[in-house]
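Reading the structure
Letter by letter, the chains look like this.
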Amino acid sequence: GAGVSQSPRYKVAKRGQDVALRCDPISGHVSLFWYQQALGQGPEFLTYFQNEAQLDKSGLPSDRFFAERPEGSVSTLKIQRTQQEDSAVYLCASSLDGGRANEQYFGPGTRLTVT
Amino acid sequence: AQTVTQSQPEMSVQEAETVTLSCTYDTSESDYYLFWYKQPPSRQMILVIRQEAYKQQNATENRFSVNFQKAAKSFSLKISDSQLGDAAMYFCAYWRAGKSTFGDGTTLTVKP
């Protein structure tokens, strides 16, 4: 079957614009994760869903960041009033059941550049 | 807060040789998991190996094995018989309750 897909793959936003990043997890995967990966660094946890429930959003850097997964499948990460420090690759991953430390399958990421 | 440290930003190995990548972590928890992920250039991150903290036996997956020292909070990855396809960025990660903490990675170069 298909893997995790993310769109768009590249996004250029002017400072102050709002952006929406989409993640399509593997069908049947209960858990979905968002990470932010700055250049030359490891991914940093942003938030985690189990089905439609957002169980942990402790990694969201500010109230400008918002994530949702209304029907327990596709998820959207929204960033309002983008700032230059938001420039990074945003990775999405899904797993059968995140509560059991199953293998996470990662998408290709969305590279966000804020100018 | 948990932290994961990979002290080797870059490593190099000759094809067919063995290389060990280091990882240390800090936690006050006793129940957690540790992972090594591989991120090839311009490709998606994939799982290499997983270790459950309550298991004393070191995990192995074909040419990949770990040396897990729980008391020392050390989790190194050994790659045997290195192949050109092993060239990638390798990340060590700590997992607990759905939340992962990653190190900053080690770039592995494999020389033919």
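Before any of the text, the structure's been laid out above.
The structure reproduced in this document is the subject of the present report. Predicted, not measured: the structure shown is a model, and the values here were computed from it. (Residues numbered from 1 in each chain as written. Chains lettered and ligands numbered in written order. Predicted model: local features only at pLDDT ≥ 70, side-chain atom pairs only at ≥ 80, totals over all residues. Heavy atoms only, no water.)

Facing 17 residues of chain B, the contacting portion of chain A comprises 23 residues. Taking both sides of the interface into account, the surface hidden between chain B and chain A amounts to around 1,600 Å²; carbon and sulfur atoms contribute 54%. Counting the contacts that link chain B with chain A gives six residue pairs in polar contact (both at pLDDT 80 or more). Among the elements of the structure, strand S5 (33-39), strand S6 (46-52), strand S10 (88-96) and strand S11 (99-102) of chain B are those that each provide at least two residues to the side of chain B that touches chain A. Among the elements that line the side of chain B that touches chain A, the one with the most residues is S5 of chain B, at four residues. Of the residues belonging to the side of chain B that touches chain A, the class tally is nine nonpolar, five polar and three charged. (Contact = heavy atoms within 4.5 Å. Buried area = accessible area lost by both parts, 1.4 Å probe. Polar contact = N/O pair within 3.5 Å; in protein donor to acceptor, adjacent residues only side chain to side chain. Helix = DSSP H or I, 4+ residues; strand = E, 2+ residues; numbered from the N terminus. Nonpolar A, V, L, I, M, F, W, Y, C, P; charged D, E, K, R; others polar.)

This part covers the state of the cysteines. Linking two cysteines covalently via their sulfur atoms produces the bond known as a disulfide. Under the criterion given, the structure shown has two disulfides over all chains. Put simply, Cys23 of chain A and Cys92 of chain A are joined by a disulfide, and their sulfur atoms are 1.8 Å apart. Every disulfide takes its handedness from the sign of the S-S torsion; for Cys23 of chain A and Cys92 of chain A that torsion is -65 degrees, giving left-handed. Here Cys92 of chain A lies in strand S9 (residues 88-95) and Cys23 of chain A lies in strand S3 (residues 19-24), a separation of 69 residues in the sequence. For the pair Cys23 of chain A and Cys92 of chain A, a shared accessibility class is recorded, and that class is buried. Paired by a disulfide, Cys23 of chain B and Cys92 of chain B hold their sulfur atoms 2.0 Å apart. Disulfide Cys23 of chain B to Cys92 of chain B: torsion about the S-S bond roughly -70 degrees, handedness left-handed. Here Cys23 of chain B is found in the loop between strand S3 (19-21) and strand S4 (24-26), whereas its partner Cys92 of chain B is found in strand S10, with 69 residues between them in sequence. Relative accessible area serves as the criterion here: at 1%, Cys92 of chain B is assigned to the buried category. (Disulfide = S-S within 2.5 Å. Buried < 20%, exposed > 50% of the residue type's maximum accessible area, 1.4 Å probe, protein only.)

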